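Descriptive structure summary
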Amino acid sequence: MRTTPAVDRRRETLDDLARRYVWWSDDAGTGDDVTVAQVMSLGTYDDILRLEAVMAPQDLRAVMLRARAGWIDARSWAFWRGRLLAQGCADIPEAPPKRAFHAELL
(Lines give C-alpha, C1' and ligand atoms only; values in the text may rest on other atoms or scores of the structure.)
Protein backbone atom coordinates (compact mmCIF):
# COMPACT_ATOMS: atom_id res chain seq x y z
CA MET A 1 0.00 0.00 0.00
CA ARG A 2 1.34 3.41 -1.01
CA THR A 3 1.44 6.20 1.56
CA THR A 4 0.22 9.70 0.83
CA PRO A 5 2.62 12.61 0.24
CA ALA A 6 1.51 14.15 3.56
CA VAL A 7 2.40 10.95 5.43
CA ASP A 8 5.74 10.76 3.61
CA ARG A 9 6.49 14.40 4.46
CA ARG A 10 5.60 13.86 8.12
CA ARG A 11 7.81 10.77 8.30
CA GLU A 12 10.74 12.57 6.63
CA THR A 13 10.39 15.57 8.94
CA LEU A 14 10.17 13.46 12.10
CA ASP A 15 13.14 11.34 11.02
CA ASP A 16 15.20 14.47 10.35
CA LEU A 17 14.21 16.00 13.70
CA ALA A 18 15.02 12.72 15.48
CA ARG A 19 18.56 12.81 14.10
CA ARG A 20 18.98 16.28 15.62
CA TYR A 21 17.10 15.97 18.92
CA VAL A 22 17.40 12.33 20.00
CA TRP A 23 21.17 12.26 20.18
CA TRP A 24 21.47 9.64 22.93
CA SER A 25 19.96 6.83 20.90
CA ASP A 26 21.18 5.06 17.78
CA ASP A 27 17.92 3.11 17.85
CA ALA A 28 15.42 4.41 15.30
CA GLY A 29 12.70 2.85 17.45
CA THR A 30 12.90 5.52 20.11
CA GLY A 31 9.45 6.65 19.05
CA ASP A 32 7.85 9.66 17.54
CA ASP A 33 6.50 10.85 20.90
CA VAL A 34 10.03 11.21 22.25
CA THR A 35 11.14 13.08 19.14
CA VAL A 36 8.16 15.42 19.26
CA ALA A 37 8.61 16.03 23.00
CA GLN A 38 12.30 16.83 22.45
CA VAL A 39 11.44 19.37 19.77
CA MET A 40 8.73 20.81 22.01
CA SER A 41 11.30 21.27 24.78
CA LEU A 42 14.51 22.06 22.92
CA GLY A 43 13.54 22.97 19.38
CA THR A 44 14.49 26.11 17.56
CA TYR A 45 11.61 28.25 16.37
CA ASP A 46 12.25 27.05 12.81
CA ASP A 47 12.00 23.43 13.95
CA ILE A 48 8.81 24.21 15.89
CA LEU A 49 7.33 25.59 12.67
CA ARG A 50 8.46 22.47 10.79
CA LEU A 51 6.82 20.29 13.44
CA GLU A 52 3.58 22.27 13.28
CA ALA A 53 3.58 22.00 9.49
CA VAL A 54 3.35 18.20 9.67
CA MET A 55 1.37 17.69 12.89
CA ALA A 56 -2.08 18.98 13.70
CA PRO A 57 -2.61 20.80 17.02
CA GLN A 58 -4.62 17.86 18.38
CA ASP A 59 -1.70 15.52 17.58
CA LEU A 60 0.69 17.76 19.52
CA ARG A 61 -1.81 17.87 22.40
CA ALA A 62 -1.95 14.07 22.37
CA VAL A 63 1.85 13.91 22.69
CA MET A 64 1.65 16.24 25.70
CA LEU A 65 -0.97 14.04 27.32
CA ARG A 66 1.17 10.92 26.74
CA ALA A 67 4.41 12.56 27.86
CA ARG A 68 6.30 10.99 30.69
CA ALA A 69 7.87 12.94 33.52
CA GLY A 70 10.88 14.88 32.29
CA TRP A 71 10.01 14.78 28.61
CA ILE A 72 8.80 18.39 28.46
CA ASP A 73 10.10 20.97 30.92
CA ALA A 74 7.71 23.33 32.73
CA ARG A 75 8.60 26.40 30.67
CA SER A 76 8.08 24.58 27.36
CA TRP A 77 4.89 23.01 28.70
CA ALA A 78 3.47 26.48 29.46
CA PHE A 79 4.47 27.69 25.98
CA TRP A 80 2.83 24.75 24.21
CA ARG A 81 -0.21 24.74 26.46
CA GLY A 82 -0.90 28.37 25.61
CA ARG A 83 -0.16 27.87 21.94
CA LEU A 84 -2.46 24.85 21.64
CA LEU A 85 -5.25 26.35 23.76
CA ALA A 86 -5.21 29.34 21.39
CA GLN A 87 -5.68 26.89 18.49
CA GLY A 88 -8.77 25.32 20.07
CA CYS A 89 -7.28 22.38 21.95
CA ALA A 90 -8.75 21.89 25.41
CA ASP A 91 -8.14 19.93 28.57
CA ILE A 92 -4.37 20.29 28.74
CA PRO A 93 -3.10 20.13 32.35
CA GLU A 94 -1.45 23.27 33.68
CA ALA A 95 1.79 21.48 34.52
CA PRO A 96 3.77 18.65 32.96
CA PRO A 97 3.77 15.24 34.59
CA LYS A 98 6.06 14.91 37.58
CA ARG A 99 7.97 11.95 38.84
CA ALA A 100 6.27 10.07 41.61
CA PHE A 101 8.23 8.31 44.29
CA HIS A 102 6.58 5.66 46.36
CA ALA A 103 8.23 5.65 49.75
CA GLU A 104 6.69 2.29 50.65
CA LEU A 105 8.68 0.69 47.82
CA LEU A 106 12.06 2.00 49.02
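For the structure itself, consult the block above.
Every chain's residues receive numbers from 1 upward, in the order its sequence appears when written. The model is predicted, so local features are restricted to residues of pLDDT at least 70 and side-chain atom pairs to those at 80 or more, both for listing and for counting; the totals for chains, interfaces and linings are taken over all residues. As a convention, hydrogens and water are excluded, and side-chain values are obtained from all of the structure's heavy atoms.

1. What to know about the nonpolar core
In terms of nonpolar packing, the biggest core is built from 21 residues, with V36, M40, L51, M55, L60 and M64 touching the most fellow members. Elements with a contribution of two residues or more to this core: α1 (5-21), α2 (32-42), α3 (45-54), α4 (57-66) and α5 (74-86). Here a strand is any run of E in DSSP of at least two residues, a helix any run of H or I of at least four, and the numbering for each starts at the N terminus. Of the residues forming this core, the biggest block, four residues, is contributed by α2. Residue contacts are defined here by distance: any two heavy atoms, one from each residue, within 4.5 Å place the two residues in contact. Not counting residues within four places of it along the chain, the set of residues in contact with M64 comprises M40, I72, W77, W80, R81, L84 and I92. By nonpolar core we mean a set of buried residues, namely Ala, Val, Leu, Ile, Met, Phe, Trp, Tyr and Cys, connected to one another through side-chain atoms within 4.5 Å. Note on exposure labels: buried denotes an accessible area under 20% of the residue type's maximum, exposed denotes more than 50%, and partly exposed covers the range between, all computed with a 1.4 Å probe on protein chains only.

2. Description of the packing of aromatic side chains
Here a Phe, Tyr or Trp ring, Trp counted by its six-membered ring, pairs with any other such ring whose centre lies within 6.5 Å, and the pair is stacked when the planes are under 30 degrees apart, edge-to-face when over 60, and tilted otherwise. Per the stated rule, a full pass over the model turns up one aromatic pair. Geometrically, the ring pair formed by F79 and W80 is edge-to-face, given 5.5 Å between the ring centres and 90° between the ring planes. Owing to a relative accessible area of 0%, W80 belongs among the buried residues under this scheme. Whether a charge lies above a ring is judged from NZ of Lys or CZ of Arg, which has to be within 6 Å of the ring centre and within 35 degrees of the ring normal. Looking at R83, its charged tip hangs above the ring of W80, at a distance of 6.0 Å from the centre.

Read these as spatial facts, not as claims about activity.
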